[in-house]
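So the chains spell out like this:
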Amino acid sequence: MPLRLVFMGTPDFAAPVLSELVGQGHDVAAVYTRAPKPAGRGMELRKSPTHALADRFAIPVLTPKSFRDPETIAAFAAHEADAAIVVAYGLILPKAALDAPELGCLNLHASLLPRWRGAAPIQRAIMAGDAETGVMVMRMEEGLDTGPVAMAERVAIGPDETAGELHDRLSTLGADLMGRAAAALARGGLTFRPQGEDGVVYAAKIEKAESRIDWGRPARSLHDHIRGLSPFPGAWFEFEGPRGPERVKVLRSAIADGAGAAGELLDDRLTVACGEGALRLVTLQRAGKGPVDAAAFLNGARLARGDRLS
């Protein structure tokens, strides 16, 4: 039997899950998402990817600023949903909201819980050099990603894989996993097991200050840092351009041979000395420009062997 659902999600990661649930024939009574935000040069209001998809399916969309007031919770309960499906929604749900659907609220989380609970599990897994990650379906509780887990899929993280690439893989895998979980829930066959208490790690939100590249770190650590922040927000360095310091994002890198002072250019291929080893910068992006390879960047940046990046 199809379920009557409320879907709650905002970014690109969430939209495929909504599409999967609709495709399976579930009755999605409403979609909750974050309100449209100004974006682009014209700063026009832009709907979230989940909002835009809900419009295509002609599903009512609600964009409350929070779930703190009784009226919002009452409106949520009034949908009389069997369950709520939550994927990167962005708002905290109080106990009254979590208890409103008869079968509870299911969350899709992009990590192997209890490792990387919190806001940025994909980026943090790569930045930490993890060899694997995954997606999990859990029943939500008041704690941060502490609920019991029903289903999981594990994947290996490639040694050069970026956060953007892993995001897309996990989004597709997660949509399939949540589809299977919803089907099991509908037939009364979804079971849960508590999370373990060992290995709890929190995936804190990425702060702006973290994005700057510290060339004093080992090359392997910096490689993971760069790919974990690619394509957004992007790890960056500065060099002395003709008009003063210029910020450049590094979108892709590779471990290289070489040694020198931290931040020193070691050759004409954009190999940079690190605190330990060296890193070759493969894809870069100057402010206001598109991504380019190292050769194209060097043609415009006028950097040479022995110059220092900061």
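If you're wondering where the values come from, they're calculated on a predicted model, not measured in any experiment. (Residues numbered from 1 in each chain as written. Predicted model: local features only at pLDDT ≥ 70, side-chain atom pairs only at ≥ 80, totals over all residues. Heavy atoms only, no water.)

**Q** How do you make sense of the overall build of the protein chain when you look at a structure like this?
**A** Helix and strand counts for the protein chain stand at eight helices and 16 strands. For the protein chain, with 310 residues in total, the buried portion stands at 47%. Residue pairs in contact within the protein chain that sit at least 24 positions apart in sequence constitute 64% of those at least 6 positions apart. Counting only carbon and sulfur atoms, one obtains 51% of the accessible surface of the protein chain, whose full area is about 15,200 Å². (Helix = DSSP H or I, 4+ residues; strand = E, 2+ residues; numbered from the N terminus. Buried < 20%, exposed > 50% of the residue type's maximum accessible area, 1.4 Å probe, protein only. Contact = heavy atoms within 4.5 Å. Areas by Shrake-Rupley, 256 points an atom, 1.4 Å probe, with all protein chains shown as cover.)

**Q** Looking at this structure, how should I read the side chain of H225?
**A** On the secondary structure map, H225 appears in helix α7 (residues 219–228). Other than its neighbours up to four places away in sequence, H225 contacts M127, E210, S211, R212, R217 and A235.

**Q** Sorry, what's going on with the sheet that holds strand β7 (residues 105–109) here?
**A** The strands making up a sheet associate through backbone hydrogen bonding, with each pair oriented either parallel or antiparallel. Here we have seven strands laid out as an open sheet, ordered β5-β2-β1-β6-β7-β9-β10, and mixed in their pairing. Strand pairing shows two members of the sheet lacking a second neighbour, β5 (61–62) and β10 (149–156), which therefore form its edges. With four bridges connecting them, β7 and strand β9 (residues 132–139) associate as antiparallel partners. Paired with L108 across the two strands is V137, which belongs to β9. Helix-sheet contacts for helix α6 (residues 163–186) involve β6 (83–87), β7, β9 and β10, and the interaxial angle to β10 is about 155 degrees. (Pairing = 2+ DSSP bridges. Axes fitted to C-alpha atoms, helices over the stretch in contact; angles between N-to-C directions.)

**Q** So what exactly am I meant to see when it comes to the nonpolar core here?
**A** Note on soluble globular proteins: their nonpolar side chains tend to be buried together. Within the largest apolar cluster, 41 residues are counted, with the highest numbers of intra-cluster contacts made by F7, V17, I85 and L108. Top element by residues in this core is α6. It accounts for ten residues. Sequence-distant contacts of L108, defined by excluding residues within four places in its chain, comprise F13, V17, V86, V87, V135, M136, V137, G174, A175, L177 and M178. Formed by 27 residues, the second largest nonpolar core is a distinct cluster that contains I206, V248, L298 and L309. (Core = buried A, V, L, I, M, F, W, Y, C linked by side-chain atoms within 4.5 Å.)

**Q** What exactly am I supposed to notice about the packing of aromatic side chains here?
**A** The relative placement of two aromatic rings is captured by the distance of their centres and the angle of their planes. Evaluated as defined, the whole model comprises seven aromatic pairs. When the ring of F67 is compared with that of F76, the centres are 5.6 Å apart and the planes differ by 85 degrees; the resulting orientation is edge-to-face. Taken individually, F67 and F76 each receive the classification buried, so the pair is uniform in this respect. Ring pairs connect the aromatic residues Y32, F67, F76 and Y89, which therefore count as one cluster. Sitting over the ring of F192, R139 keeps its end group 4.5 Å from the ring centre. Directly above the aromatic system of W236 lies the positively charged group of R247, at a separation of 3.6 Å from the ring centroid. (Phe/Tyr/Trp six-rings, centres within 6.5 Å; stacked < 30°, edge-to-face > 60°. Lys NZ or Arg CZ within 6 Å of the ring centre and 35° of its normal.)

**Q** I'm lost on the pattern of salt bridges in this one. Help?
**A** Where charged atoms from two side chains of opposite charge approach closely, those side chains can pair. Tallying each qualifying case throughout the model produces 14 salt bridges. Two residues, R252 and E165, come together in a salt bridge whose shortest N-O distance is 2.7 Å. Taken together, the positions of R252 in strand β13 (residues 244–256) and E165 in helix α6 put the pair 87 residues apart, joining distant regions of the chain. Measuring nitrogen to oxygen at the nearest pair gives 2.6 Å for the salt bridge that ties E246 to R286. Of the two residues, E246 is situated in strand β13 and R286 in strand β15 (residues 278–286); the sequence distance between them amounts to 40 residues. Classification of R286 by relative accessible area gives partly exposed; the value is 22%. Several salt bridges converge on common partners, so that one network encompasses E153, D176 and R180. (Salt bridge = Lys/Arg side-chain N within 4 Å of Asp/Glu carboxyl O.)

**Q** Help me understand the UniProt feature "binding site: (6S)-5,6,7,8-tetrahydrofolate" (unreviewed entry) in the protein chain, please; the structure alone is not making it clear to me.
**A** The sites that carry the UniProt feature "binding site: (6S)-5,6,7,8-tetrahydrofolate" (unreviewed entry) are, in the present numbering, S111, L112, L113 and P114. Relative to the assigned elements, S111 resides in the loop between β7 and β8 (115–118). Classification of S111 as buried rests on a relative accessible area of 0%. Residues within four places of S111 in sequence aside, it is in contact with W116, P121, T133, G134, V135 and M136. (UniProt positions renumbered as here; feature names shortened; annotations may be inferred.)

**Q** What is the right way to read the packing of helix α1 (residues 15–23) against helix α2 (residues 49–56) from this model?
**A** Packed helix pairs are characterised by how far apart their axes lie and by the angle those axes make with each other. Interaxial distance between α1 and α2 falls to 9 Å at its minimum, and their mutual angle equals 25 degrees. Relative to α2, the element α1 is oriented roughly parallel. Here α1 runs over α2; the crossing is right-handed. For the pair formed by α1 and α2, the contact residues are A15, L18 and S19 on the first element and P49, T50, L53 and A54 on the second. A class-by-class count of the residues in the contact of α1 with α2 yields five nonpolar, two polar and no charged. (Parallel < 35°, antiparallel > 145°, perpendicular 65-115°, else oblique. Left-handed = near helix turned anticlockwise from the far one by under 90°. Nonpolar A, V, L, I, M, F, W, Y, C, P; charged D, E, K, R; others polar.)

**Q** Looking at this model, I keep getting lost on the environment of P148. Mind explaining?
**A** Positionally, P148 belongs in the loop between β9 and β10. Expressed as a C-alpha distance, the spacing of P148 and R193, which sit 45 residues apart in the sequence, is 5.2 Å. Setting aside residues no more than four positions away along its own chain, P148 makes contact with V137, M138, R139, E141, F192, R193 and P194.

**Q** Help me understand the UniProt feature "domain: Formyl transferase N-terminal" (unreviewed entry) in the protein chain in this model?
**A** Here the UniProt feature "domain: Formyl transferase N-terminal" (unreviewed entry) sits at residues 4–178. Strand forms 29% of residues 4–178 and helix 30%; the C-alpha atoms that close the span are 15 Å apart.

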